[in-house]
Amino acid sequence: MNVPADLKYAKSHEWLRVKGDTATVGITDHAQHELTDVVFVETPALGRKIKAGEACAVVESVKTASDIYAPASGEITAINTKLAEKPELVNTDPYGEGWIFEIKLSQPAEAAQLLAPDAYTRQISG
Amino acid sequence: MKRTPLFPAHQKLGARLIEFGGWEMPVFYTSITEEHLATRRAGGLFDISHMGEFLVSGPAAAEFLNFVLTNDIGKLRPGLGQYTLLCRETGGVVDDLYAYQLADAEFLLIVNASRLEDDFAWLQKQWRGWTRRAEVKLENLSEKYGAVAVQGPKVAQFIDQVAPATGLKKNEVAPATFHGETGYVSRTGYTGEDGFEIVAPASVIEGIWHALLEAGRPHGLKPAGLGARDTLRTEVCYPLYGQELDENTTPLEAGLGFFVALDKPNFIGKDALLAQKAAGPTRKLAAFKMQGRCAPPRPGYPIWTSGSSGPIGVVTSGTQSPSLNLGIGLGYVAQNFSVPNTAIEIEIRGQRAPALVAPRPLYKSSPAKT
C-alpha cells in the first residue's frame, strides 16, 4: 500500500496534507482499496465548521456507505467538485485528484497528534 | 462461522470475505463492479455451497410438497424445476426456494442458507401432522452437497466441457457425474442471465470450480462474489429473503402471485392469500430508479412522496446499478404508489432525493438462447 511520507494520517484512514494554516483531506490508498468501487462522495458544505473526529463526508461504494471523519478542526474552505462527476478518482488517485475537502485549521497543533507514515503503515499491516 | 468446500479456493484467489447467513463467504475477488459487468458481458462463477439441499422422496412426496409449497407441483415432470414459496398459515413467507423433480417420487429443494434450519424444522412439523407421512421421506443433505452457479451470455459456449448441460432448457435439471459422484445440473440462476447451477457432493465441488474457471477463462469468465450476486439480482428485481421477504410479508405483496397457485387444492396459507387477493394488498413491492446523480439508496431508507406528511414506505434493497450506472432499489410502498412512473422520494441521510417507480425488471438482459 502507498503511504506517502509527507502526509499525516488518522486512525480512521483519512490523510491530511498541511500547507501553512490550511490542510487538504482525503482517504488513504488502503481505505480506497478496502472500499473499492467508489460510486458517490457526499462532501461537506463550504463554510461548515468541524471538529476533529467529526463525521463530515460520506464515501459510498457499491456495497455500503462509509463516514469520513475530520482529522483536524477548522472551517471547510474548498471541496473537490470533480468528485460529483468522477467519484472513482478516490480509487484511482486517492492522494491527488481524489482529495475530498480542504480545511482552514483552527487548531494547527492538532496535526501533531495524527499518525506519522510509519505508524500508519504499522496500523494497516497489523 | 461455517465455511464452504470452496473456502481454500477463495483464499487462493485473494477474496475479500464477509459473514452471510452464518457463513464466511467471498463478497468480491477484485471488485463488485468488475465481477458484475463480467457476468453481464461474458460469465461469472459463484460459490453457492452455503445454500441448503433437501431431498423429499416417496410415493406421497408430490402431494406433500403441493400442500406445503405455493406453486403447483403438478406442473413439474422429472427433469423440470420451479420457483416456489414456503408459507405459514398467515401467508407470511418462511422461505423462497427452487423445487426440482428428479424422478417420479423424488424432489430436490434448494433453500436459502439463512433459512435452512427454520425451513427444515417447519417441513418436519408439517410432515408429523401429515396423514400419509409414512410415504414421504424428508432428508437434509445440505452438509453433503456443495454448489456453484455459472452465469452469463457466454457460459453456454463452454459449460459442456465440464458437464453436459446445453441440452437443457430454462428450469430443466439433469443428473451428471463428476469424478464418479452424482450431482445435478440445472439451467437456472439468480442473475437474469442465461446460466447454470451445479449441485454436487462436497468432495468434488472444488474440481468442478477449477474446471469451470479453466474452461471459461478464454471466454472472459471471472469468479464473482456475493456483492455482484446482490447487485445482479437487484437489477432484475429478484427478491432476497430477509430483505424483500420475511414471515410478515406475503408473496402477493412481493409481486410473486405468479408462483402462488390459488386454484390448486388446499395448501398452507391458501385461505389467507385468497382473502388478501380479494381485498387487495395494502402495500406492494415497487422497483425504482433514482432521478439524477445522488447517493445510492440503501435498505431501511424511508420512502416519501412530495405531498406526504410521513413516509409511505421503506427501501428493502438498494445499490448503485453497475449496468445502468444509477441508483436503483426495491421497497414496499402503499399500494397506490406501486404503479410504474409514480414519482416518489427516497430519504438519504435526512435529504429527500427524487425517484421514479419503474417496471420490473429494472435491467433486461439479452434473451437466453435455449
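Per chain, residue numbering runs from 1 following the sequence as it is written. Working convention: letters from A go to chains and numbers from 1 go to ligands, in the order in which they are written. Given that this is a predicted model, residues contribute local features only at a pLDDT of at least 70 and side-chain atom pairs are listed and counted only at 80 or more, while totals for whole chains, interfaces and linings are drawn from all residues.

Caption draft 1: Layout of helix H5 (residues 202–216) of chain B. All names here are of chain B. For H5, which comprises 15 residues, the first-to-last C-alpha distance of 21 Å matches the rise-based estimate of 21 Å (1.5 Å per residue) to within 8%. Residue burial is a threshold on neighbouring C-beta atoms within 10 Å of the residue's own C-beta, all placed from the backbone, with 20 or more meaning buried, 12 or fewer meaning exposed, and counts in between meaning partly exposed. A helix here means a DSSP run of H or I that spans at least four residues, while a strand means a run of E at least two residues long, and both kinds are numbered starting from the N terminus. Where H5 is concerned, the buried positions are Val204, Ile205, Ile208, Trp209, Leu212 and Gly216. Looking down the long axis of H5, one finds its buried residues gathered within 155° of arc, a one-sided arrangement. Multiplying 1.5 Å by the helix residue count minus one yields the expected span of that helix. Working definition: the arc comes from the directions between the helix axis and the C-beta atoms, pointing outward to the latter.

Caption draft 2: View of the packing of helix H2 (residues 32–41) of chain B against helix H6 (residues 226–235) of chain B. All names here are of chain B. Comment: axis = line fitted to C-alpha atoms, over the contacting stretch for helices; angle = value between 0 and 180 degrees taken between N-to-C directions. Here H2 crosses H6 at 55°, and the two axes come no closer than 8 Å. The orientation of H2 relative to H6 falls into the category oblique. Of the two possible hands of crossing, H2 and H6 adopt the one that is right-handed. Every residue of H6 that contacts H2 at Ile32, Glu35, His36 and Thr39 is listed here: Gly227, Ala228, Thr231 and Leu232. The residue inventory of the contact of H2 with H6, partitioned by class, reads 3 nonpolar, 4 polar and 1 charged. Relative orientations are named as follows: roughly parallel for angles under 35 degrees, roughly antiparallel for angles over 145 degrees, roughly perpendicular for angles from 65 to 115 degrees, and oblique for any other angle. Crossings are classed by handedness, with left-handed meaning an anticlockwise turn of the near helix from the far one by less than a right angle and right-handed meaning a clockwise turn. Think of it this way: build a C-beta for each residue from its backbone, and any pair within 7 Å is a contact. Residue polarity is assigned by list, with Asp, Glu, Lys and Arg as charged and Ala, Val, Leu, Ile, Met, Phe, Trp, Tyr, Cys and Pro as nonpolar; anything else, Gly included, falls into the polar class.

Caption draft 3: Focus on the sheet that holds strand S6 (residues 93–103) of chain B. Residue and element names in this part refer to chain B. DSSP bridges decide pairing: two strands pair if at least two such bridges lie between them. On the basis of which strands lie adjacent, the open sheet formed by 5 strands has the order S5-S6-S7-S4-S8 and antiparallel pairing. The open sheet is flanked by strand S5 (80–87) and strand S8 (137–140), the only strands paired with a single partner. Here the strands of the sheet are splayed against their neighbours by 25° on average, with no regard to which way each runs. In terms of strand pairing, S6 meets strand S7 (residues 106–111) through 5 bridges, oriented antiparallel. When the sheet's bridge partners are listed, Gln101 is paired in S7 with Phe107. Here helix H3 (residues 61–68) sits on the sheet in contact with strand S4 (52–57), S5, S6 and S7, set at roughly 125° to S4.

Caption draft 4: Fine view of the interface of chain B and chain A. With 14 residues of chain B at the interface, the matching set in chain A holds 11 residues. Counting residues per element, the ones that place at least two in the side of chain B that touches chain A are strand S2 (23–28), H2, H6 and strand S16 (313–321) of chain B. Residue classes in the side of chain B that touches chain A are distributed as 6 nonpolar, 6 polar and 2 charged.

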